[in-house]
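Architecture at a glance
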Amino acid sequence: MKKLLFINCCIRSKSRTEKLCRDYLDIIKSESDFELQELFVPSLHLMPIDRAALEQRDADTRNQQLHTESYRLAHDFASADAIVIAAPYWDASFPSMLKVYFEHICVNKITLGYDEHGKLLKKCRATRLVYITTAGGYIRRHSSVQIYLEELCAMFGIEDVRFYCAQGLDIYPHKVEQILSDTLQEMLLDRKKVALRGIPDIEVPAITDYHTIGLEEELVSLKERGFEVCSQYYLNGLPGSYPDCYVRKTVADLLEKAQSLLPKGIKFRIYDAYRPIRIQQVLWDYFYQTVSQENPGLSEEEIEQKTSFFVSKPSYDMSHPPLHATGGAVDLSLMNEDGESLDMGTEFDTFKETAWAYFTGRDALYQGIPDENFPGQIHE
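These figures come from a predicted structure and were not determined experimentally. (Residues numbered from 1 in each chain as written. Predicted model: local features only at pLDDT ≥ 70, side-chain atom pairs only at ≥ 80, totals over all residues. Heavy atoms only, no water.)

Thoughts on unusual backbone geometry
To be explicit about the condition: By definition, any uninterrupted DSSP run of H or I lasting at least four residues is a helix, any uninterrupted run of E lasting at least two residues is a strand, and each is numbered from the N terminus. Only protein chains enter the accessibility calculation, which uses a 1.4 Å probe; a residue whose area is less than 20% of its type maximum is buried, one above 50% is exposed, and one in between is partly exposed.
Positive phi is not limited to glycine here, since glutamine 64 has a value of about 55°. Considering the arrangement of structural elements, one finds glutamine 64 in the loop between α2 (51–62) and α3 (72–79). For glutamine 64, a relative accessible area of 69% puts it in the exposed group. At aspartate 91, a residue that is not glycine, the phi angle is positive and equals roughly 50°. Mapped onto the fold, aspartate 91 is located in the loop between β3 (82–86) and α4 (96–105).

Right under this line is the structure:
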């Protein structure tokens, strides 16, 4: 039987976070063959790892003495088939005792490790970690907790991290039950979806998908052509994305010409270029869902139209291929000679009208690139 490890860091006796988590676990257990192992973090009375504890751990690692009671928590974590963590949203983070717990399970040779080439090894059995929290107010879209968990799980080799938060509970006390119920339904729907974020392969996949839309021109590396490349989807862990950015050779030549026309000391910073259909589909699904959630009153046709302002609908139709799938579209910004990005008005992939082409902050970009070489997209 598979093991589901429930890490409970809910300190209050009547915890809203724990209620939400237990409702979720009850449904998971009824649908799956899991044996539940619950760990109540407050009862562990863990102490932060100090110098003496660290030196002892180093000695145990050298002497291969990692099967003692001191490392039981790390072994429990590494052997779990699925992991669920419940913790309240405190001080823009979580209770400090949970951080101490993480210190105790981050043990080389048990939950993480490296091969002779410095590549992270997958030491933990689980492929998914679910983190459940609640907040009295509202948190940022990309909370520090979520970022921390994704980085932590990357070390563990856990590719799929799901972060759920029931928010606004103190702002709308009369709606607490409804908010918790809505969040639970969101969690149950989301758990069957493929993860958007995963650990990308270190090996670069073969650049062959462009043949599916009938283009035979060679794709070339913009990094090898001397451009500053900051591949956003790869850095964000999008499965199947590339650490480099590729375009057709003709496009690379035009891009070099366009860069030469920029003001002195200004260069391009490349965020994205050639994009296989499979990645286009993942992005379309993600942004379609985002637009749908942020605009509940729109029809399916209106949601699709609004989504298409920011990402092309995946298609193998030769007459209407997604621009990025042709190797002819480039997402870029400007940087100065110190490597600092210039203010373009918004962040990359912002879903607002302030991200549209001729908004304030992009004058240097649009004045420096001839329209006959790179006509801009009005909604980007």
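Digging into the sheet that holds strand β5 (residues 160–166)
Selection rule: Criterion used throughout: strands pair if DSSP finds at least two bridges between them. The angle between two axes is taken between their N-to-C directions and runs from 0 to 180 degrees, where each axis is a line fitted to C-alpha atoms and a helix contributes only its stretch in contact. Any two residues whose heavy atoms approach within 4.5 Å at even a single point are treated as in contact.
Pairing is parallel in the open sheet, where five strands are placed in the order β2-β1-β3-β4-β5. Of all strands in the sheet, those with a lone pairing partner are β2 (34–40) and β5, marking the two edges. When the angles between neighbouring strand axes are averaged without regard to direction, this sheet yields 15°. The pairing of strand β4 (residues 128–134) with β5 spans seven bridges and is classified as parallel. Across the sheet, residue threonine 133 finds its bridge partner in β5, namely cysteine 165. With respect to the sheet, helix α1 (residues 16–31) is in contact with β1 (2–8), β2, β3, β4 and β5, its orientation differing from that of β4 by roughly 145°. Against the sheet, helix α5 (residues 144–156) contacts β4 and β5, and its axis sits at roughly 160° relative to β5.

Details of the environment of valine 100
Residue placement: valine 100 occurs in helix α4. On a C-alpha basis, the gap between valine 100 and valine 41 in space is 9.6 Å, while along the polypeptide they are 59 residues apart. Non-local contacts of valine 100, meaning those with residues more than four positions away in its chain, are made with Leu46, Met47 and Pro48.

Side note on the packing of α3 against α4
Note the following rule: Angle categories are assigned with fixed cut-offs, so that under 35 degrees is roughly parallel, over 145 is roughly antiparallel, 65 to 115 is roughly perpendicular, and the rest are oblique. Residue polarity follows a fixed list, in which Ala, Val, Leu, Ile, Met, Phe, Trp, Tyr, Cys and Pro are nonpolar, Asp, Glu, Lys and Arg are charged, and the others, Gly among them, are polar.
Across the interface, α3 lies against α4 with an axial gap of 8 Å and an inter-helix angle of 85°. Taken together, the axes of α3 and α4 are roughly perpendicular relative to one another. Contacts between α3 and α4 involve Leu73, Ala74 and Phe77 from the former and Tyr101, His104 and Ile105 from the latter. Split into classes, the residues belonging to the contact of α3 with α4 amount to five nonpolar, one polar and no charged.

Digging into the pairing of β4
Going by this rule: For the handedness criterion, the strands are oriented away from the viewer, and a crossover whose path from the first strand over the helix to the second runs clockwise is classed as right-handed.
Buried residues dominate β4, accounting for six of its seven residues. Note: β3 against β4, four bridges, orientation parallel. Along β4, the bridge assignment pairs isoleucine 83 with leucine 129. Where the polypeptide runs from β3 across α4 and back to β4, its parallel neighbour, the crossover connection is right-handed.

Considerations on the confidence of the model for the protein chain
The line we're drawing: Each residue gets a pLDDT score, which is the predictor's confidence in that residue and runs from 0 to 100.
Residues at a pLDDT of 70 or more form 81% of the protein chain, whose mean pLDDT is 82. Predicted confidence is poor over residues 196–214, with pLDDT under 50, and the contacts of this stretch with residues over four places away or in other chains come to 53 contacts.

So, the packing of aromatic side chains
Where we set the bar: Aromatic contacts are taken between Phe, Tyr and Trp rings whose centres are within 6.5 Å, Trp giving its six-membered ring; a plane angle under 30 degrees counts as stacked, one over 60 as edge-to-face, and the others as tilted.
Per the counting criterion, the structure on display carries nine aromatic pairs. Ring plane angle 50° and centroid distance 5.8 Å describe the contact between phenylalanine 94 and tyrosine 148, whose orientation is recorded as tilted. Linking phenylalanine 94 in the loop between β3 and α4 with tyrosine 148 in helix α5, this pair joins segments that are 54 residues apart in sequence. When the centroid spacing of 6.3 Å and the interplanar angle of 35° are considered together, the rings of tryptophan 284 and tyrosine 288 count as tilted.

Some words on the pattern of salt bridges
Heads up, the rule is: A side-chain nitrogen of Lys or Arg and a carboxyl oxygen of Asp or Glu constitute a salt bridge if their distance falls within 4 Å.
Counted according to the given criterion, the structure contains 18 salt bridges. Two residues, aspartate 170 and arginine 16, come together in a salt bridge whose shortest N-O distance is 3.0 Å. Placement of aspartate 170 in the loop between β5 and α6 (176–190) and of arginine 16 in helix α1 is noted, with a sequence separation of 154 residues between them. The residue arginine 22 makes a salt bridge to glutamate 18 at a minimum N-O spacing of 2.9 Å. Of the two residues, arginine 22 and glutamate 18 are both situated in helix α1; the distance of four residues between them amounts to about one turn of the helix. Its relative accessible area of 16% is what places glutamate 18 among the buried residues.

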